[in-house]
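Given next are the chains, with one letter for each unit.
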Amino acid sequence: MILKALYAGLGSISDSWLSYLVTRDDVEIAGLIDLNQETALKKKEKYNLSCPVFSDIETALSNGSFDVLIDNIVPSGRLELAEKALSNGLHVLSEKPLASSMKEGLEINRLSRKYDRNFFVMQNRRYNTNMFTFRNAIINGSAGKTGYLSAEFMLGPHFGGFREEMESPLLIDMAIHTFDQARFLLNCNPVSVYCHEYNPAGSWYKGNASAVCVFEFENNIVFSYQGSWCANGFNTSWDSSWRAIAENGSILWDGTNLPVSDIPVEKIICDFNGHKGCINEMITCLHENRMASTSSFDNIYSLAMVFASIKSSKENKKIYIKELLED
Ligand SMILES: NC(=O)c1ccc[n+]([C@@H]2O[C@H](COP(=O)([O-])OP(=O)(O)OC[C@H]3O[C@@H](n4cnc5c(N)ncnc54)[C@H](O)[C@@H]3O)[C@@H](O)[C@H]2O)c1
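Owing to the predicted nature of the structure, the values given are computational and were not obtained by experimental measurement.

## Quick look at the overall build of the protein
Regarding its fold elements, the protein presents ten helices and 14 strands. Its C-alpha radius of gyration of 20 Å places the protein within 12% of the 20 Å reference for a compact globule of 327 residues. Along the first, second and third principal axes, the C-alpha set of the protein runs to 60 × 45 × 40 Å. Put simply, the protein has 327 residues, and 54% of those count as buried. Across the protein, the fraction of contacts at a sequence separation of at least 24, relative to all contacts at a separation of at least 6, is 71%. Surface exposure of the protein reaches about 14400 Å², of which carbon and sulfur atoms provide 49%. Distance from the positive charge centre (30 side chains) to the negative charge centre (39 side chains) of the protein: 1 Å.

## Details of helix 1 (residues 14-21)
All buried positions along helix 1 are accounted for by Ser14, Trp17, Leu18, Tyr20 and Leu21. The buried side chains of helix 1 occupy one side of the element, clustering within an arc of 165° when seen end-on. Looking at the packing, one finds that the buried side of helix 1 touches strand 1 (3-8), strand 2 (27-33), helix 2 (37-46), strand 4 (68-71), strand 5 (91-94) and helix 8 (274-288).

## Examining the sheet that holds strand 4
Within the open sheet, the six strands sit side by side as 3-2-1-4-5-6. Their pairing is parallel. At either margin of the open sheet sits one strand with a lone partner, and together these are strand 3 (53-54) and strand 6 (119-121). For strand 1 and strand 2, the ladder comprises six bridges, and the chain directions are parallel. Following the sheet pairing, Ala5 is matched in strand 2 by Ile29. Each of strand 1, strand 2, strand 4, strand 5 and strand 6 touches helix 8; the most contacted strand, strand 6, lies at about 160° to it.

## Overview of the domain arrangement of the protein
The domain architecture assigned to the protein consists of domain 1 (3-121) and domain 2 (125-269 + 303-325). Between domain 1 and domain 2, the C-alpha centre-to-centre distance is 29 Å. The interface is formed by nine residues belonging to domain 1 together with eight residues belonging to domain 2. Regarding the contact of domain 1 and domain 2, the summed buried area is about 680 Å², with carbon and sulfur atoms giving 75% of it. For domain 1, the biggest contributors to the area lost against domain 2 are Lys96, Met102 and Leu106; these three give 69% of the whole. Put simply, domain 1 and domain 2 have one salt bridge between them. A salt bridge links Asp173 to Lys96, with the nearest nitrogen and oxygen atoms 3.8 Å apart.

Parameters and conventions
- Residues numbered from 1 in each chain as written.
- Predicted model: local features only at pLDDT ≥ 70, side-chain atom pairs only at ≥ 80, totals over all residues.
- Heavy atoms only, no water.
- Helix = DSSP H or I, 4+ residues; strand = E, 2+ residues; numbered from the N terminus.
- Rg over C-alpha atoms; globule rule 2.2 N^0.38 Å.
- Buried < 20%, exposed > 50% of the residue type's maximum accessible area, 1.4 Å probe, protein only.
- Contact = heavy atoms within 4.5 Å.
- Areas by Shrake-Rupley, 256 points an atom, 1.4 Å probe, with all protein chains shown as cover.
- Lys, Arg positive; Asp, Glu negative; His and termini not counted.
- Charge placed at Lys NZ, Arg CZ, Asp CG, Glu CD.
- Arc of directions from axis to C-beta.
- Pairing = 2+ DSSP bridges.
- Axes fitted to C-alpha atoms, helices over the stretch in contact; angles between N-to-C directions.
- Domains from an automatic or database assignment.
- Buried area = accessible area lost by both parts, 1.4 Å probe.
- Salt bridge = Lys/Arg side-chain N within 4 Å of Asp/Glu carboxyl O.

See the structure below:
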């Protein structure tokens, strides 16, 4: 079956999706939407598409029929777009983050349930051979039970623009990836967090660009996160630098090469890396009518790690994740 896709948001990240989608013969890009028509027209030309271009979803829906909405717009518009798509029978494949607040994320879950349509989220950093290998060593290997996982994320990008003006740029815009990776690696969910968010001397951001978080996960596992977007020198990988300590040994991953360990580690190949891997899984799940591992029902826990961390830092106390999951 060929899925007819309505594509919203033709900004910078859409290249990571469109360059792969146009190679698949089970997806047809059947309509483009962007507030900025010129942006949409440029992408239409770049990918040699023959579909119509719309400026809003209502016009698109009344002029065509679609199976799925691909959402690459900014997070603040996500819930409104999701409501229109889900209530009109479309599944949604969305960029991260799931939503710009917990309230909106929970509402997307409610709508997905109500209209019996799936909302799947891009978490591209789950998909690479090093992550698969690391995860397999933690979950299935001879390491025994894991008690501790840490991620160090130390980078110093000068983005300019909104990230340098917003509150909590690291936690809101980036840490969702690392937190989601931790959940994927441990194959269980967070229980609580204590976080200290800060903006160190020399930072070129207005909001807090650094954070230290201690999460407790199910099975008494501790996940320690130290992150900064204003760290000069000795930068880590964008995938962070990781250490898992288990009963029988430790596994280290520098975020770039294969993980190393004092126990045997089996290499697990990921056939499609990054965006391709996640898009492939989401589309396969739509065809097979099953839940993707990054569905909104799973992803709400990664989102909760972000907002619980911010709350913890503001209130200077430990926050239980379940507090944020209650409607
Ligand atoms: N997974 C990743 O590694 C990764 C990397 C970068 C960005 N992202 C995410 O992708 C999303 C988009 O980021 P970007 O960098 O491409 O932003 P961008 O600003 O380059 O593009 C967003 C586009 O959406 C359009 N738009 C905004 N609101 C709209 C609406 N309501 N209806 C129709 N069009 C609308 C804008 O006109 C713009 O063309 C964000 O959620 C961001 O967090 C993910």
